[in-house]
Amino acid sequence: MSWLTNYVLPKIRAVVSKKPVPENLWQKCPGCEQMLLRRELEANLDVCRNCGLHLRIDAARRLEILFDDGAFSRIELPKTVTDPLRFRDRRRYTDRLKEAQAAHGAGRDAVVVAHGRVGGYAAVVAAFEFGFMGGSMGLAAGEAVLAAAKLAVLQEAALIVVPASGGARMQEGVLSLMQMPRTIIAADTVKEAGLPYIVLLTDPTTGGVSASFAMVADIALAEPGAVIGFAGARVIEETIHEKLPEGFQRAEYLLDHGMVDLVVPRAELRATIGRLLGLLRDPLPTALPAPTSSEAA
Ligand SMILES: [Zn+2]
């Protein structure tokens, strides 16, 4: 054994370890477990070529995919009170925030707002960052949705909100729940101005987010396979003691049950939203009057 372990094994290891493997070259699809080349995956908008799974993407990538030519301007968001309840569970809320901001940028929170054009039409997009504390909606996120709505009204642009969230931010307690009516008011402001309000439900849209602004859109779109619901499937099953149907709380299930208007693959999103905005903002010319009875005859 000693000859094998002392002599042969180090030689084999030396040969094997000589090939440096670049990091992040491959990524495993969480759906079908196929190894995907990172570069190809990105070119395919982070959709698995093998099983069609729409992988979760960050807010920056979302904006890039939605806006024409990937061009947009991000806006500065209003500052809000941090840690109003001086909340602490296993760790301080402020520490959790600092950690998330270290990863995403100083002063950041779970929503990014930008404006630009989608399908040629002026649009303001508020995109949730699931990587930032689960995209949870606290004071800052609520304020961001309101800021987006105000900007849309100011620019006479459509408002498009893209939730990707686990729900309310429990570290802000009731103040976080207050963001539900506040975001509804934001949506109403846009509607009252006669501007389109579109929501693109992405994986996952759950909890307080699904119970507020996300469900009151003029047109509700969803990405294929996205989990959309209020309480988790396991909690519901345990409560009602019944097996839930196949595909429950998935985008396609919601489409079948009238909660979603369209399920749109990521590659078709920009064109689809552009077409919808066109129909909402430039209705067909009403030029031709209805034929009179004599003409019809
Ligand atoms: Zn896959």
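Computed from a predicted model, the values in this text were never measured in an experiment. (Residues numbered from 1 in each chain as written. Predicted model: local features only at pLDDT ≥ 70, side-chain atom pairs only at ≥ 80, totals over all residues. Heavy atoms only, no water.)

Engineer: Which residues make up unusual backbone geometry, and what values do they have?
Structural biologist: Most peptide bonds adopt trans geometry, and most residues besides glycine take a negative phi value. In this model, Asp203 is joined to Pro204 through a cis peptide bond whose omega is -10°. Non-glycine residue Glu33 carries a positive phi angle of around 65°. With respect to the secondary-structure elements, Glu33 resides in the loop between strand S1 (26-28) and strand S2 (35-37). By relative accessible area, Glu33 is classed as exposed at 53%. Within the chain, Glu156 stands out as a residue other than glycine whose phi angle is a positive 50°. Mapped onto the secondary structure, Glu156 falls in the loop between helix H5 (139-155) and strand S6 (158-162). (Helix = DSSP H or I, 4+ residues; strand = E, 2+ residues; numbered from the N terminus. Buried < 20%, exposed > 50% of the residue type's maximum accessible area, 1.4 Å probe, protein only.)

Engineer: An account of the coordination of the zinc ion is requested, with residue identities and associated values reported.
Structural biologist: When a metal holds four donors in a tetrahedron, each ideal angle between them is 109.5 degrees; when it holds six in an octahedron, the ideal angles are 90 or 180 degrees. Donor atoms from the polypeptide that bind the zinc ion are Cys29 (SG), Cys32 (SG), Cys48 (SG) and Cys51 (SG), placed at 2.3 Å. In this structure, the zinc ion is surrounded by four donor atoms whose angles at the metal cover 108 to 112°, and the resulting shape is tetrahedral. Residue classification places Cys29 among the buried positions, given a relative accessible area of 1%. (Donors = N, O, S within 2.8 Å, 3.2 Å for Na, K, Ca; no water. Tetrahedral: all angles 85-135°; square planar, octahedral: opposite > 155°, others 65-115°.)

Engineer: For the packing of H5 against helix H7 (residues 179-192), give the residues involved together with the corresponding values.
Structural biologist: Put simply, H5 and H7 touch, their axes get as near as 9 Å, and they point 5° apart. Considering their axes alone, H5 and H7 lie roughly parallel with respect to each other. Across the interface between the two elements, Leu139, Gly142, Glu143, Val145, Leu146, Ala149, Ala152 and Val153 from H5 touch Gln179, Arg182, Thr183, Ala186, Thr189 and Val190 from H7. Residue composition of the contact of H5 with H7, grouped by class: eight nonpolar, four polar and two charged. (Axes fitted to C-alpha atoms, helices over the stretch in contact; angles between N-to-C directions. Parallel < 35°, antiparallel > 145°, perpendicular 65-115°, else oblique. Contact = heavy atoms within 4.5 Å. Nonpolar A, V, L, I, M, F, W, Y, C, P; charged D, E, K, R; others polar.)

Engineer: Lay out the nonpolar core in plain terms, naming residues and giving numbers.
Structural biologist: Counting residues in each nonpolar core, the largest one holds 37 residues, and the members touching the most others are Val124, Phe128, Leu159, Val161, Tyr197 and Phe213. Going through the elements one at a time, strand S4 (111-118), strand S5 (121-128), H5, S6, H7, strand S7 (197-201) and helix H10 (251-256) are the ones with two or more residues in this core. Among the elements that line this core, the one with the most residues is H5, at eight residues. Formed by 22 residues, the second largest nonpolar core is a distinct cluster that contains Val118, Ala123, Ile160 and Leu221. (Core = buried A, V, L, I, M, F, W, Y, C linked by side-chain atoms within 4.5 Å.)

Engineer: I'd like a rundown of the pattern of salt bridges, residues and numbers included.
Structural biologist: If you walk through the whole model with that rule in mind, you get 13 salt bridges. Across the pair Arg61 and Glu64 runs a salt bridge, and its minimum N-O distance is 3.3 Å. Residue Arg61 and its partner Glu64 are both found in helix H3 (residues 59-66); the two are separated by three residues, about one turn of the helix. A residue is classified by how much of its surface remains accessible, and Arg61, at 16% relative accessible area, is buried. The class for Glu64 is partly exposed, based on a relative accessible area of 41%. Across the salt bridge formed by Arg108 and Glu129, the nearest N and O atoms sit 2.8 Å from each other. Linking Arg108 in the loop between helix H4 (93-104) and S4 with Glu129 in the loop between S5 and H5, this pair joins segments that are 21 residues apart in sequence. (Salt bridge = Lys/Arg side-chain N within 4 Å of Asp/Glu carboxyl O.)

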